[in-house]
Amino acid sequence: MISLFAREGSTRGVGLLRIGLALLCWTRWSSELLPFRDTGAEHWLLGASFFLSTSLLLAGLWTRAAAAWAAATLLYMFVGMGILQGREAWTHHHTTLITIAVCLLVLVPCGGSFSADRWLAVRRARRLGAPPPDERGPLWAVPLFAVQVSAIYFWGAFDKTSWAFASGTRMTHHFMSLYLGSDPVSPWVAAAMMPVALSVLAIEYGLAVSLWIPLLRAPSIAVGIVFHFLLYYLLPVGPFSLTMVLLYLAYLDQDRLHAWIDDLMGWTPAPPRPG
Amino acid sequence: MTPRIVARMLAFGVIAAYMALGPFYRQGLGNRTWLVQNWVMFSYASLDVCEVRFHLTDGTPIDRYAVLGIDPWYSAKPSIRKLGSVEDIERQARSLCAKLGPGTDLRANARCARATGWRPVMSGEADLCRRRRREQGG
């Protein structure tokens, strides 16, 4: 257990998290923060802070500082404008999750791979005639991303644990509101809603736990990807489903992920250093 | 254990507890605060729809899309396809009454979506065309 807080591991997984989260920030907020949306100084300053910090985060330049800057910007948007100024759309669960995940990036070496910082470090080493630095760093905080995902699955399922949901009634409401309209649903649709609802509950409660179990991880990720794809395709969930799938990276053995990327790219791993 | 390791362990414990157990304060105990998250998603979505059966007094069902000349049904505008309130139902009833002709006695059984299930709002007891006839002096 203590080794979790002492050891280092590959930074490729958190590098991918960094890139994905920066792009998800743009997906959710960039349109609203463009300068022509509002001519007020606060809007322009906020937009500049958002775009500069997330651009540096995406590129992986001065990454730790960029992550902290982006996290501070998103926290201001969530608390300062969302909660305190009543901009309700910025307090929804999908914006909350992205904000939390970007804050967690501050605690991980997310600039160690797939980043401008990495490129500069490699160039520096080459100039000195030294081997490139290892893509490794302290990963003690990576499981926190996974804790957040599991908490969402559990408490999301807890919220749905009611007869109104389990009976399929709420699922019927969603499909009537989004697709079918007000005519009474056909008997076969009504009958199908209860097993669909129970499946949703089983998947959410199940994934909260199964993603932590190595033997069940691969099938759980497959189930989760299909589940979130269906939610993204059928319901107005916004970037929430994409964020959840991205954060599955945190459940993986980071060194095995590193090796898999090597294999995927056809790279020959460097020989182990003596000592 | 170095101070750095201890600091990491403490930070991890506090953050993990906040994320995993914090929602219990809101979702388990029913408190309201923005300081902890609640993962209530879609519990209050799709509450803008009612299920409506239009029919005559003898129980003959009325296909509202056929009466309104909409084919296929999914080509109907959302404001026609989805009725979200008693007002919406009455508005559509007026359109149906106009199409069905004078003397029609149109009824509706309807229930509207709630977070806890369905809430009945109409039980087929009122002639929905009577109000239109009153408005027209009939």
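Note that the structure is a prediction, hence the values are computed from the model and not measured.

> Can you break down the packing of helix α2 (residues 12-29) of chain A against helix α5 (residues 93-105) of chain A residue by residue, with the values?
Residues and elements named next belong to chain A. With their axes 10 Å apart at the nearest point, α2 and α5 run at an angle of 145° to one another. The crossing of α2 and α5 is left-handed. Counted together, V14, L17, R18, L21, L24, C25, R28 and W29 of α2 and H94, T95, I98, T99, A101, V102 and L105 of α5 form the full contact between these two elements. Across the contact of α2 with α5, the residue classes break down as 10 nonpolar, three polar and two charged.

> Now, about the sheet that holds strand β1 (residues 50-56) of chain B: what can you tell me, with residues and values included?
Taken together, three strands build an open sheet; the order of strands is β1-β2-β3 (chain B) and the sheet is antiparallel. In this open sheet, the two strands that pair with only one neighbour each are β1 and β3 (117-123) of chain B. Strand-to-strand twist in this sheet, taken as the mean axis angle between neighbours without regard to direction, amounts to 15°. Here helix α9 (residues 169-180) of chain A sits on the sheet and contacts β1, β2 (106-114) and β3 of chain B; the angle it forms with β3 of chain B, its principal contact strand, is near 65°.

> How would you sum up the environment of K99 of chain B? Please name residues and give values.
Residues and elements named next belong to chain B. Considering the arrangement of structural elements, one finds K99 in helix α4 (residues 86-100). In this structure the C-alpha to C-alpha distance between K99 and P23, which are 76 residues apart in sequence, comes to 53 Å. In contact with K99, not counting residues within four places along its chain, are V67 and L68.

> Kindly report on the pairing of β1 of chain B, identifying the contributing residues and their values.
Residue and element names in this part refer to chain B. Across the seven residues of β1, five count as buried, placing the element largely inside the fold. In this structure, β1 lies alongside β2, joined through seven bridges in antiparallel fashion. In the strand pairing of β2, E51 is matched with R111.

> An account of the interface of chain B and chain A is requested, with residue identities and associated values reported.
Between chain B and chain A, the contact holds 43 residues from the first and 44 residues from the second. Here chain B meets chain A over a buried area of about 3900 Å², counting both sides, of which 69% is carbon and sulfur. Of all residues in chain B, F12, W39 and F42 of chain B bury the most surface against chain A, accounting for 21% of the area lost on that side. Across the chain B-chain A interface, the total number found is one salt bridge. Salt-bridge contacts for R64 of chain B lead to D183 of chain A; the nearest nitrogen and oxygen are separated by 2.5 Å. For the pair chain B and chain A, the interface holds 17 residue pairs in polar contact (both at pLDDT 80 or more). The set of elements that each furnish at least two residues to the side of chain B that touches chain A consists of α1 (3-28), β1, α2 (64-67), β2 and β3 of chain B. It is α1 of chain B that provides the largest number of residues to the side of chain B that touches chain A, a total of 13 residues. Taken together, the residues of the side of chain B that touches chain A sort by class into 28 nonpolar, seven polar and eight charged.

What counts as what
- Residues numbered from 1 in each chain as written.
- Chains lettered and ligands numbered in written order.
- Predicted model: local features only at pLDDT ≥ 70, side-chain atom pairs only at ≥ 80, totals over all residues.
- Heavy atoms only, no water.
- Axes fitted to C-alpha atoms, helices over the stretch in contact; angles between N-to-C directions.
- Helix = DSSP H or I, 4+ residues; strand = E, 2+ residues; numbered from the N terminus.
- Left-handed = near helix turned anticlockwise from the far one by under 90°.
- Contact = heavy atoms within 4.5 Å.
- Nonpolar A, V, L, I, M, F, W, Y, C, P; charged D, E, K, R; others polar.
- Pairing = 2+ DSSP bridges.
- Buried < 20%, exposed > 50% of the residue type's maximum accessible area, 1.4 Å probe, protein only.
- Buried area = accessible area lost by both parts, 1.4 Å probe.
- Salt bridge = Lys/Arg side-chain N within 4 Å of Asp/Glu carboxyl O.
- Polar contact = N/O pair within 3.5 Å; in protein donor to acceptor, adjacent residues only side chain to side chain.

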